[in-house]
Amino acid sequence: LAQEPKQSQLSEKTDKSDRRRSSLDRESRRAIGKQLQSLYDEVLQAPIPERFEELLKQLDEPGGKGSGA
Amino acid sequence: MAVSERLRADLIASIPNLRAFATSLIGAPDRADDLVQETLVKAWRHIDSFQEGTNLKAWLFTILRNEFYTQMRRGSREVGDVNGAYAARLATHPEQHGHLDLDDFRKAFTKLPAEQREALILVGASGFAYEEAAEICGVAVGTIKSRVSRGRVQLADMLSIHEPDTIGPDAIAASVLTARRS
């Protein structure tokens, strides 16, 4: 049992091998972060399609889509 | 169903976030919306299992994610379709041609495995902490961290984003940026 590596040692190993490949500088990380946010915000800020209004109406109805299993 | 007014409003308010997350997993807008719709129906049905006061967004994201992977296993979703759908959307955003082009970024992003895409989006765009993202994905925090960093490195490789000491135009751009900051 004592020879079994502890979880912390295992994750340390993973971190180390990751660090080698993930040595992105701050500027690159920031550029990627900005693009990720843009990608997400594009949809986030888009108007909600009408189909969802319709869905909500159905969900509110007793015995509708939202009831039962 | 016994959905309180307050909770109903919160559910509706979370639709844009659900759509944004679904799009990062699927790409094709109509398919992403199908996934959101299925998520909302599930959430409504199982609303009793949600504890009011806890993180509704995280709860919904978990449902959406589970639904996505269940369907993927069933093979009812063509995940490879992500690329084409994004390309179609490309035409609707001709105004975005910045320093690092968003369309190029989108193309690179769609090439990442789903597990890296979701980790990057959860932590980098939808505002979840690493711990919350780990809970949503049902993995350890370290796994999320490593998926995020591997995803970043892959994106940087695909987009030729180099470290500042790399020789080339990027190095010059980086040094200009650094100089401007100081």
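Residues numbered from 1 in each chain as written. Chains lettered and ligands numbered in written order. Predicted model: local features only at pLDDT ≥ 70, side-chain atom pairs only at ≥ 80, totals over all residues. Heavy atoms only, no water.

Chemist: Can you walk me through the overall build of chain A in this structure?
Modeler: Along the backbone of chain A there are three helices and zero strands. N-terminal to C-terminal, the α/β element order of chain A is α-α-α. If you sum the accessible surface of chain A, you get close to 5000 Å²; carbon and sulfur atoms cover 50% of it. (Helix = DSSP H or I, 4+ residues; strand = E, 2+ residues; numbered from the N terminus. Areas by Shrake-Rupley, 256 points an atom, 1.4 Å probe, with all protein chains shown as cover.)

Chemist: Help me understand unusual backbone geometry in this model?
Modeler: Excluding glycine, residues mostly carry a negative phi; peptide bonds, for their part, are mostly trans. Residues and elements named next belong to chain B. One non-glycine residue, serine 160, lies in the positive phi region at around 55°. By the secondary structure assignment, serine 160 is in the loop between α9 (141–158) and α10 (169–181). Residue classification places serine 160 among the partly exposed residues on the basis of a relative accessible area of 36%. (Buried < 20%, exposed > 50% of the residue type's maximum accessible area, 1.4 Å probe, protein only.)

Chemist: What exactly am I supposed to notice about the packing of aromatic side chains here?
Modeler: For any pair of aromatic rings, geometry is given as the distance between the ring centres together with the angle between the planes. Per the counting criterion, the structure on display carries five aromatic pairs over all chains. When the ring of Phe50(B) is compared with that of Trp59(B), the centres are 5.1 Å apart and the planes differ by 45°; the resulting orientation is tilted. Each of the two residues, Phe50(B) as well as Trp59(B), counts as buried. The residue whose ring lies beneath Arg51(A) is Phe52(A), and the NZ or CZ to ring-centre distance is 5.7 Å. (Phe/Tyr/Trp six-rings, centres within 6.5 Å; stacked < 30°, edge-to-face > 60°. Lys NZ or Arg CZ within 6 Å of the ring centre and 35° of its normal.)

Chemist: What is the right way to read the side chain of Thr39(B) from this model?
Modeler: Residue and element names in this part refer to chain B. Here threonine 39 lies in helix α3 (residues 29–45). On the basis of relative accessible area, threonine 39 is assigned to the buried category, the value being 0%. Apart from the residues lying within four places of it in its own chain, the contact partners of threonine 39 are Leu60, Ile63 and Leu64. (Contact = heavy atoms within 4.5 Å.)

Chemist: Got a minute to help me understand the confidence of the model for chain B in this structure?
Modeler: Atomic detail in the predicted coordinates should be set aside for any region of low pLDDT. Residues and elements named next belong to chain B. For chain B, per-residue confidence averages 83 on the pLDDT scale, and residues scoring 70 or more make up 74% of the total. The low-confidence segment residues 90–98 (pLDDT under 50) makes nine contacts with residues lying over four places distant or belonging to another chain. The ipTM for the predicted assembly is 0.76, set against a pTM of 0.75. (pLDDT = per-residue confidence, 0-100.)

Chemist: Hey, could you run me through the environment of Val36(B) in this one?
Modeler: With respect to the secondary-structure elements, Val36(B) resides in helix α3. Along the chain, Val36(B) and Arg117(B) lie 81 residues apart, while their C-alpha atoms are 17 Å from each other.

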